[in-house]
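As a plain string of letters, each chain reads:
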Amino acid sequence: MAWIYLLAAGLLEIVWAYAMKQSDGFTRLTPTLVTFAALIGSLGLLALAMRSLPLGVAYMLWTGIGAIGAFAVGVFVLGESASAGRLVAAALIAGGLIMMKMTSPT
């Protein structure tokens, strides 16, 4: 169950990052409220996952899911650059996440 909590926490991290971008510096009410709701949910689910997952594994996977997801949203939704260098960087992060999961004791 901890892995499901962690995945959901990572997905909510993507939501709050995107909503924060849409909030225009917290000047737009609805995206600001979504940002804080998703942030609280993400942290709560991360805390639940950390009950049984090691800190390093849980935190790295949470931030990695958020980083790669935010990058993907930036490229596919916001039209940000998908240069070769940025794609390689995202692939390296993904590779690190996979290796962390594969070598985790739990």
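Structure shown above.
Keep in mind the model is a prediction, meaning the values are calculated, not measured.

Conventions used here
Residues numbered from 1 in each chain as written. Predicted model: local features only at pLDDT ≥ 70, side-chain atom pairs only at ≥ 80, totals over all residues. Heavy atoms only, no water. Helix = DSSP H or I, 4+ residues; strand = E, 2+ residues; numbered from the N terminus. Contact = heavy atoms within 4.5 Å. Areas by Shrake-Rupley, 256 points an atom, 1.4 Å probe, with all protein chains shown as cover. Core = buried A, V, L, I, M, F, W, Y, C linked by side-chain atoms within 4.5 Å. Buried < 20%, exposed > 50% of the residue type's maximum accessible area, 1.4 Å probe, protein only. Axes fitted to C-alpha atoms, helices over the stretch in contact; angles between N-to-C directions. Parallel < 35°, antiparallel > 145°, perpendicular 65-115°, else oblique. Left-handed = near helix turned anticlockwise from the far one by under 90°. Nonpolar A, V, L, I, M, F, W, Y, C, P; charged D, E, K, R; others polar. Expected span 1.5 Å × (residues − 1). Phe/Tyr/Trp six-rings, centres within 6.5 Å; stacked < 30°, edge-to-face > 60°. Lys, Arg positive; Asp, Glu negative; His and termini not counted. Salt bridge = Lys/Arg side-chain N within 4 Å of Asp/Glu carboxyl O.

Student: What exactly am I supposed to notice about the overall build of the chain here?
Tutor: Of the regular secondary structure elements, the chain holds 4 helices and 0 strands. The secondary structure elements of the chain, listed N-terminal to C-terminal, are α-α-α-α. For the chain, the spread of C-alpha atoms along the principal axes amounts to about 45 × 35 × 15 Å. Across the chain, contacts joining residues at least 24 apart in sequence account for 67% of those joining residues at least 6 apart. Of the roughly 6,300 Å² of accessible surface on the chain, a fraction of 75% belongs to carbon and sulfur atoms.

Student: What is the right way to look at the nonpolar core in this model?
Tutor: The tendency in soluble globular proteins is for nonpolar side chains to be buried as a group. One finds Ala2, Leu6, Ala9, Leu45, Leu46, Ala49, Leu53, Val57, Ala58, Leu61, Trp62 and Leu97 forming the largest nonpolar core, which totals 12 residues. When residues of this core are traced back to their parent elements, those giving at least two are helix H1 (2-22), helix H2 (29-49) and helix H3 (55-76). It is H3 that provides the largest number of residues to this core, a total of 4 residues. Ignoring any residue separated from it by four or fewer positions in sequence, one finds leucine 61 in contact with Trp3, Leu6 and Leu97.

Student: Honestly, the packing of H3 against helix H4 (residues 84-102) in this entry has me stumped. Any pointers?
Tutor: To describe two helices that pack against each other, one gives the angle between their axes and the distance between the axes. Remark: H3 packs on H4, axes separated minimally by 10 Å, with the N-to-C direction vectors making an angle of 150°. If you check the angle between H3 and H4, you find them roughly antiparallel. In this structure, H3 meets H4 at a crossing whose hand is left-handed. Across the interface between the two elements, Val57, Met60, Leu61, Gly64, Ile65, Ile68 and Phe71 from H3 touch Arg86, Leu87, Ala90, Ile93, Ala94, Gly96, Leu97 and Met100 from H4.

Student: I tried to follow the packing of H1 against H3 on my own but got confused; where do I start?
Tutor: Relative orientation of the contacting elements H1 and H3 amounts to 40°, with a least axis distance of 8 Å. The orientation of H1 with respect to H3, classified from their angle, is oblique. Of the two possible hands of crossing, H1 and H3 adopt the one that is right-handed. In this structure, H1 uses Trp3, Leu6, Leu7, Ala9, Gly10, Leu11, Glu13, Ile14, Ala17 and Tyr18 to contact H3, whose residues at the interface are Val57, Ala58, Leu61, Trp62, Thr63, Ile65, Gly66, Gly69, Ala70 and Val73. For the contact of H1 with H3, the per-class residue count stands at 15 nonpolar, 4 polar and 1 charged.

Student: Which parts of the structure should I look at to understand H2?
Tutor: For an α-helix, the turn length of 3.6 residues means that residues three or four places apart are oriented alike. If you check H2, its first and last C-alpha atoms are 30 Å apart, about what 21 residues at 1.5 Å a residue would give, namely 30 Å. Where the residues of H2 are buried, they touch H1 and H3.

Student: Even after reading the chapter, I still don't get the packing of aromatic side chains, so can you show me in this structure?
Tutor: For any two aromatic rings, the description comes down to two numbers: the centre-to-centre distance and the angle of the planes. What the rule picks out here adds up to 2 aromatic pairs. Relative to phenylalanine 36, the ring of phenylalanine 26 lies with its centre 5.3 Å away and its plane at 25°, an arrangement referred to as stacked. Linking phenylalanine 26 in the loop between H1 and H2 with phenylalanine 36 in helix H2, this pair joins segments that are 10 residues apart in sequence. What makes phenylalanine 36 partly exposed here is its relative accessible area of 40%.

Student: Would you take a moment to explain the side chain of glutamate 13 for this structure?
Tutor: Positionally, glutamate 13 belongs in helix H1. Although glutamate 13 is buried, it forms no salt bridge, and the closest oppositely charged side chain is arginine 86 at an N-O distance of 15 Å. Among all residues touching glutamate 13, those that are not within four sequence positions of it are Ser42, Trp62, Thr63 and Gly66.

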